[in-house]
Amino acid sequence: MKRNVVQPVVGLMLTALTAACGAKNDNAAGGASSLAAFDQLPVVAERVQLPDGGSIVVADPGKAGEKVTLKLSDLADDLKIVRLESSDDALVGAGQTWITGERIIVYSDGVVKQFDFEGKYLGQIGAKGNGPGEYSIAPYDFYVDADAGRILYMVQYNATKLMSYNSDGTFAGDIPLARQMPKGAVRVDTKRQRITAVSICFDGSKSRDEVWEQDFDGNILSSVSMPWLEMPMDFSSELYSDIGSRAEGFSYAMFRIDAAADSLYGYDGRTLRPVFTAGIKEGLMHKYDRLGGMYLFLSFGEPQAVNDNSYVIPSQTPMLVDPVSLRGAYCNIMVDCIGEVRWDSGWAFSKSPGYFVMNSSPGGLSSWIDKSIERYDVSDDELKKLKDFQATLDEDDNNIVIFGRWK
């Protein structure tokens, strides 16, 4: 039976939200943080009570002060530096990377390849083309059900079906989706034959559910529809969710190309509830995300033309907020598993829910290390450490993937 759940709250313009809500509850502000890395950062947010009895963390970017550098090892566990196998079949170029089900999945040069956490090449997933199990554009999302023999599930753009593959990458069949997904992500329970899905909803489309659960026959079991989250039909907008790393309580947020005010939502098993937002000026493009136990806010500058047909939207320095102590700051990340090298904003864009991910060619990684050394002061001991690491990089080798799970 279909169950539509609609939350009786509209929009999240910050001024309207603050005026409509009761007294704030910021007793935790300035207390012990969930991560020690936040303990010395300023309080940048308050917790505001909502009319329905819930609460939302509201960040004030103006309180963040100067940009800080945080160590990756303080924010992520199980950091790994994986050198991908360099056989001819295994080689990859620049592309998208997912960490899921103890596999590294890379889309590059039109095909999807998979590796284990030691970098061993496990084969290609499907093939480029328009036949069964084939794809003509980059996948939007992957999920690996490790409890079901590592079956892989692929979500395409504008997907009407979920493509499934055996652990060796051979095609296992399609599963119909109950709703079309312009951009979406899934979590799959193969044993129970259940799919939990999240999707962007475009104005005027027939797909009006942001979250739903279905069976493998495409029957809706429950759904969440929030009409005020629909957006203009523009594939420049993006969906951010950690559904792939959480059995329940996952997040839902969007980068809206129309720059409408919004928030990060949390799914509580019945509906989507706003849990984090920031006070920003009208018309500022932005994104929210949840990285493990941290909230992220990121704003963007004006679009810049690359050529007559395309633009890039430059990102600013990301802001991290601890929802326990309400402390935070604009942050770049020191990838200290390599040494004192800093990453300004790219670390905030990962296709892998719950993971920090960096995928680079050896030459690109070496060049990035040189630029970081030129820009920042590096101690003699750290300089030696970085130079020793650079000496292990061979431009003829395959890519290097650095990743860890956000705490």
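Residues numbered from 1 in each chain as written. Predicted model: local features only at pLDDT ≥ 70, side-chain atom pairs only at ≥ 80, totals over all residues. Heavy atoms only, no water.

## As for the overall build of the protein
If you tally the helices and strands in the protein, you get 4 helices and 32 strands. For 407 residues, the compact-globule formula gives about 22 Å, and the C-alpha radius of gyration of the protein, at 22 Å, lands near that figure. As displayed, the protein has an accessible area near 17,900 Å², and 46% of this comes from carbon and sulfur atoms. (Helix = DSSP H or I, 4+ residues; strand = E, 2+ residues; numbered from the N terminus. Rg over C-alpha atoms; globule rule 2.2 N^0.38 Å. Areas by Shrake-Rupley, 256 points an atom, 1.4 Å probe, with all protein chains shown as cover.)

## Observations concerning the pairing of strand E24 (residues 286-291)
Buried residues dominate E24, accounting for 6 of its 6 residues. Pairing of E24 with strand E25 (residues 294-299), which is carried by 6 bridges, proceeds in the antiparallel orientation. Paired with Leu291 across the bridge in E25 is Met294. A loop of 2 residues connects E24 with E25, the two strands running antiparallel in sequence, and Gly292 in this loop sits at a positive phi of about 60°. (Buried < 20%, exposed > 50% of the residue type's maximum accessible area, 1.4 Å probe, protein only. Pairing = 2+ DSSP bridges.)

## What about the nonpolar core?
Grouped together as the largest cluster of nonpolar side chains are 39 residues, with contacts concentrated most on Leu75, Leu320, Ile338, Trp347, Leu365, Ile369 and Trp406. Only helix H2 (72-75), E25, strand E29 (328-334), strand E31 (355-360), helix H3 (362-375), helix H4 (380-390) and strand E32 (400-406) provide two or more residues apiece to this core. If you tally residues by element for this core, the top one is H3, at 4 residues. Non-local contacts of Ile369, meaning those with residues more than four positions away in its chain, are made with Ile338, Val341, Leu386, Phe389 and Gln390. (Core = buried A, V, L, I, M, F, W, Y, C linked by side-chain atoms within 4.5 Å. Contact = heavy atoms within 4.5 Å.)

## Some details on the environment of Ile195
Mapped onto the fold, Ile195 is located in strand E17 (residues 194-199). Residue Ile195 is classed as buried on the basis of its relative accessible area of 0%. Between the C-alpha atom of Ile195 and that of Val306, which follows or precedes it by 111 residues, the distance is 39 Å.

## Some words on the confidence of the model for the protein
Any segment with low pLDDT has predicted coordinates that should not be analysed in fine detail. In the predicted model, the protein carries a mean pLDDT of 89, and 93% of its residues have values of at least 70. Counted against residues more than four places away or in other chains, residues 1-23, with its pLDDT under 50, gives 52 contacts. (pLDDT = per-residue confidence, 0-100.)

## Re the environment of Asp268
Its location among the elements puts Asp268 in the loop between strand E22 (264-267) and strand E23 (272-278). Judged by relative accessible area, which is 43%, Asp268 ranks as partly exposed. Here the side chain of Asp268 touches Arg270 through a polar contact of 2.9 Å, landing on its backbone nitrogen. A polar atom in the side chain of Asp268 sits 2.9 Å from the backbone nitrogen of Thr271. (Polar contact = N/O pair within 3.5 Å; in protein donor to acceptor, adjacent residues only side chain to side chain.)

## With respect to unusual backbone geometry
Backbone geometry at Glu102 places phi at a positive 60°, although glycine is not the residue there. Mapped onto the secondary structure, Glu102 falls in the loop between strand E6 (96-100) and strand E7 (103-108). A positive phi angle, near 55°, is found at Gln193, a position not held by glycine. Within the secondary structure, Gln193 is located in the loop between strand E16 (184-189) and E17. What makes Gln193 partly exposed here is its relative accessible area of 42%.

## Section: H3
Residues spaced three or four apart along an α-helix face the same direction, because each turn holds 3.6 residues. In this model H3 runs 20 Å from its N-terminal to its C-terminal C-alpha over 14 residues, within 8% of the 20 Å that 1.5 Å per residue would give. Every buried residue of H3 is listed here: Pro362, Leu365, Ser366, Trp368, Ile369, Ser372 and Ile373. When H3 is viewed along its axis, its buried side chains cluster within an angular range of 160° and face the same direction. Exposed residues lying more than 90 degrees from the buried face of H3 are Lys371, Glu374 and Arg375. Looking at the packing, one finds that the buried side of H3 touches strand E30 (342-343), E31, H4 and E32. (Expected span 1.5 Å × (residues − 1). Arc of directions from axis to C-beta.)

## Examining the sheet that holds strand E13 (residues 151-155)
Pairing within the open sheet is antiparallel, and its 4 strands lie in the order E12-E13-E14-E15. Two strands in the sheet have a free side with no partner beyond their single neighbour: strand E12 (141-145) and strand E15 (171-181). Sheet twist, expressed as the mean angle between neighbouring strand axes with direction ignored, is 25°. With 6 bridges connecting them, strand E14 (residues 159-165) and E15 associate as antiparallel partners. (Axes fitted to C-alpha atoms, helices over the stretch in contact; angles between N-to-C directions.)

## A word on the pattern of salt bridges
All chains considered together, the criterion is met by 16 salt bridges. Residue Arg192 is joined to Asp189 by a salt bridge in which the shortest nitrogen-to-oxygen separation is 3.6 Å. (Salt bridge = Lys/Arg side-chain N within 4 Å of Asp/Glu carboxyl O.)

## Side note on the sheet that holds E31
Pairing in this open sheet of 3 strands is antiparallel, and the strands run E5-E32-E31 from one edge to the other. Either end of the sheet is taken by a strand with one partner, and the two such strands are strand E5 (76-83) and E31. Within the sheet, the average angular offset between the axes of one strand and its neighbour, ignoring direction, is 10°. In this sheet, E32 lies alongside E5 in antiparallel orientation, the contact comprising 6 bridges. Along E32, the bridge assignment pairs Lys80 with Phe403. On the sheet, H3 packs against E31 and E32 and is oriented at approximately 105° with respect to E31.

## Some remarks on H4
Buried within H4 we find Glu382, Leu386, Phe389 and Gln390. End-on view of H4: buried residues confined to an arc of 100°, all on one side of the axis. In H4, the exposed residues that point more than 90 degrees away from the buried face are Asp380, Asp381 and Lys384. Residues of H4 that are buried make contact with E5 and H3.

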